[in-house]
Amino acid sequence: MHVLAAFLRDVPPSCGTLRLIGVDGHAGSGKSTFTEKLAAALGGAPVLHLDDVASHEELFGWEGRLLREVVDPLGRGATARYAPYDWRERRFGAARMLPPAPVILVEGVGAGRRALRPYLAHLLWMDLPREEAWARGRSRDGEEQREFWSGWVEAERRHFAEDPSRPFSDLLVRQLPEGYSVLPGPAGVVGPDQFVTDGDGSTAMC
């Protein structure tokens, strides 16, 4: 993970003087866990969870708010201010601050959407098939969220059909029994000097 962190620190800035790194993938694909580990390897990099930006009314229609409240201020070197959504209370909470940092991780379904890609220094895709990811997500969330998942799956299908992220990803991340394997993505150009690779071109990360 530290090899990947060092690589991401060195990519050119994408939003003013900072680097926004998108971590996208199907719901249940392990984005949050991976991002938490990557943030730690980056020395405590801030993480913006898109679950805090989306809502029941706007599962995917939040890009305008995100650009206005987060991306635009960060691009000017200012502190972003947004209200995280409470999925149980079905309302937005108290404002949360997100100050500029050299690297900020943007994690969630849709992190690599068309409206955000111009501001991303790199896009990572959690490479788990959607049916497997959704099964993991349903198991994680339990019976309480069964009805929500039924609506979510259809909404996610529509979103990625209209605005796919994987074809534009720079790196593909695959979970291993221990750690992760990172490979060049469909849009990625990773030189042989940038990662120490295994024989199949992948890189195992702790």
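Predicted model, so just to flag it, every value in this text is computed and none were measured.

Details of the packing of helix H1 (residues 2–9) against helix H2 (residues 31–41)
The angle between the axes and the distance between the axes are what describe a pair of packed helices.
No. 1: H2 packs onto H1 with a crossing angle of 70 degrees between their chain directions and a minimal axis gap of 9 Å. The angle between H1 and H2 places the two elements in the roughly perpendicular class. The interaxial crossing formed by H1 with H2 has right-handed handedness. Contacts between H1 and H2 involve His2, Leu4, Ala5, Leu8 and Arg9 from the first element and Phe34, Leu38 and Ala41 from the second.
No. 2: The residue inventory of the contact of H1 with H2, partitioned by class, reads 6 nonpolar, 1 polar and 1 charged.

Remarks on the confidence of the model for the chain
Note that predicted coordinates carrying low pLDDT should not be read in detail.
No. 1: Taken over all residues, the pLDDT of the chain has a mean of 89, while the share at 70 or more is 89%.
No. 2: Throughout residues 191–202 the model reports pLDDT below 50, and contacts reaching past four residues in sequence, or to other chains, amount to 18 contacts.

Focus on the layout of surface pockets
Over the atoms rolls a probe the size of a water molecule, and in doing so it shows where empty space is left.
No. 1: Looking at the largest pocket, its volume works out to about 740 Å³.
No. 2: Lining the largest pocket are 29 residues, with Asp51, Arg140, Asp141, Phe148 and Trp149 positioned closest to its centre.
No. 3: Among the elements of the structure, H2, helix H4 (130–141) and helix H5 (146–162) are those that each provide at least two residues to the lining of the largest pocket.
No. 4: At 4 residues, the largest contribution of residues to the lining of the largest pocket is made by H4.
No. 5: Grouping the constituent residues of the lining of the largest pocket by class yields 11 nonpolar, 9 polar and 9 charged.

Here's the deal with the pairing of strand S9 (residues 171–175)
No. 1: Bridging between strand S8 (residues 120–126) and S9 involves 3 bridges; their strand directions are parallel. Bridging across to S9, leucine 124 finds its partner in leucine 171.
No. 2: Both S9 and strand S10 (residues 180–184) contribute to a ladder of 5 bridges, which runs antiparallel. Within the sheet, the bridge partner assigned to valine 173 lies in S10 and is valine 182.
No. 3: Between S9 and S10, which pair antiparallel one after the other, the connecting turn spans 4 residues, and glycine 179 there sits at a positive phi close to 85 degrees.

Remarks on H4
No. 1: With 12 residues, H4 should cover 16 Å at 1.5 Å per step; its first-to-last C-alpha distance of 16 Å lies within 8% of that length.
No. 2: Buried residues of H4: Ala133, Trp134 and Gly137, and no others. The buried side chains of H4 occupy one side of the element, clustering within an arc of 95 degrees when seen end-on.

The rules behind the values
Residues numbered from 1 in each chain as written. Predicted model: local features only at pLDDT ≥ 70, side-chain atom pairs only at ≥ 80, totals over all residues. Heavy atoms only, no water. Axes fitted to C-alpha atoms, helices over the stretch in contact; angles between N-to-C directions. Helix = DSSP H or I, 4+ residues; strand = E, 2+ residues; numbered from the N terminus. Parallel < 35°, antiparallel > 145°, perpendicular 65-115°, else oblique. Left-handed = near helix turned anticlockwise from the far one by under 90°. Contact = heavy atoms within 4.5 Å. Nonpolar A, V, L, I, M, F, W, Y, C, P; charged D, E, K, R; others polar. pLDDT = per-residue confidence, 0-100. 1 Å grid on protein atoms, 1.4 Å probe; cavity = no way out; pocket = protein on both sides within 12 Å on 5 of 7 lines; lining within 4 Å. Points joined across faces, edges and corners; volume = space filled by probe spheres on them. Pairing = 2+ DSSP bridges. Expected span 1.5 Å × (residues − 1). Buried < 20%, exposed > 50% of the residue type's maximum accessible area, 1.4 Å probe, protein only. Arc of directions from axis to C-beta.

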